[in-house]
Amino acid sequence: MGLITLVRHGQASFLKEDYDKLSELGELQARTLGEYWAARDVRFDRVYYGPARRQAGTGEIVARVYREAGIDWPEPVCLPELDEYPGIEVMRAFLPGLIDKHEDIQLLEQEFRSAGEHVVAARAFEKMFQRVTRMWVAGELESPDVETWQAFCDRVKSGVGKVRDAGGQAVVFSSGGVMAATVQLALDLSPVRTLELSWTPRNASYSEFLFSGERFSLNTFNAYPHLDSPELLTWR
């Protein structure tokens, strides 16, 4: 029986100019994961990274810990299919038009723009993001320049299929949306439930999936035994 361990990247630079860069805390979260696994001599036959810097960067920090401990780390393979869903592109493409049509979105946007504190701005953006992406998943928002939710799920299925075809014990460094879409493959969740699930994994948490032939099962979701102090626990 094969095993896929799917890791969500460490904390990225949320609401910063370059979101795709790991924050200092994100780097620490990734290192903590590597140290946790290395101390338990967890081994992988294959390693896969999504194409985003925050995804590959998390994997590279874990790899560095393994090499420092003298533990073999397979040469990673980049799988573009395991990139995150286009949340930023959805907001850029559709938010301006929605502000004029929906009063609640307009109020959230005003709250976000006027927020003086990072925490307040982040909370307003999160509410606005969830409101808009639910509409996108429901098929209410479409543009030829933005990937659809179904297309995202289809490419994740293709990427996971490549990992399964290779067999063995694999670790994949990706994002929360990819983790949720992979859970959907195992549990046949609805689109909106899958989207909502994508908001729950902790940064640098991992989920495990067992597979054999046609069987594909969720074994562990959003595990973070390595993040053993409150300051290490983040969603964004």
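Residues numbered from 1 in each chain as written. Predicted model: local features only at pLDDT ≥ 70, side-chain atom pairs only at ≥ 80, totals over all residues. Heavy atoms only, no water.

Describing the packing of aromatic side chains
Across all of its chains, the model carries 14 aromatic pairs by this definition. A centroid spacing of 5.6 Å and a plane angle of 75° characterise the contact between Tyr 85 and Phe 152, whose relative ring orientation is edge-to-face. Of the two residues, Tyr 85 is situated in the loop between strand S3 (77–78) and helix H3 (87–101) and Phe 152 in helix H6 (residues 149–166); the sequence distance between them amounts to 67 residues. Accessibility expressed as a relative area gives 8% for Tyr 85, which makes it buried. With a centroid separation of 5.5 Å and an interplanar angle of 0°, the aromatic rings of Phe 209 and Phe 216 are classed as stacked. By relative accessible area, which is 0% here, Phe 209 ends up buried. Residue classification places Phe 216 among the buried positions, given a relative accessible area of 10%. (Phe/Tyr/Trp six-rings, centres within 6.5 Å; stacked < 30°, edge-to-face > 60°. Helix = DSSP H or I, 4+ residues; strand = E, 2+ residues; numbered from the N terminus. Buried < 20%, exposed > 50% of the residue type's maximum accessible area, 1.4 Å probe, protein only.)

Here we look at the pairing of strand S2 (residues 46–49)
Here S2 runs beside strand S4 (residues 169–174); their pairing, made up of 4 bridges, is parallel. Along S4, the bridge assignment pairs Tyr 48 with Val 172. Across 2 bridges, the pairing between S2 and S3 is parallel. From the neighbouring strand, Tyr 49 faces S3, where its bridge partner is Cys 78. On the question of chirality, the crossover connecting S2 to the parallel S3 by way of helix H2 (residues 53–68) is right-handed. (Pairing = 2+ DSSP bridges. Right-handed = clockwise from strand over helix to strand, strands pointing away.)

A short note on the nonpolar core
Among the nonpolar cores identified, the biggest contains 47 residues, and Ile 4, Tyr 85, Val 132, Trp 136, Trp 149 and Phe 152 are the most heavily contacted of them. Top contributing element to this core by residue count: helix H5 (residues 118–137), with 10 residues. When sequence neighbours within four positions are dropped, the list of residues in contact with Tyr 85 reads Phe 129, Trp 136, Trp 149, Phe 152, Arg 155, Gly 177, Leu 195, Ser 198 and Trp 199. Membership of the second largest hydrophobic core comes to 17 residues, among which are Val 7, Ala 38, Val 62 and Ala 223. (Core = buried A, V, L, I, M, F, W, Y, C linked by side-chain atoms within 4.5 Å. Contact = heavy atoms within 4.5 Å.)

The values reported here are purely geometric and, on their own, carry no functional implication.
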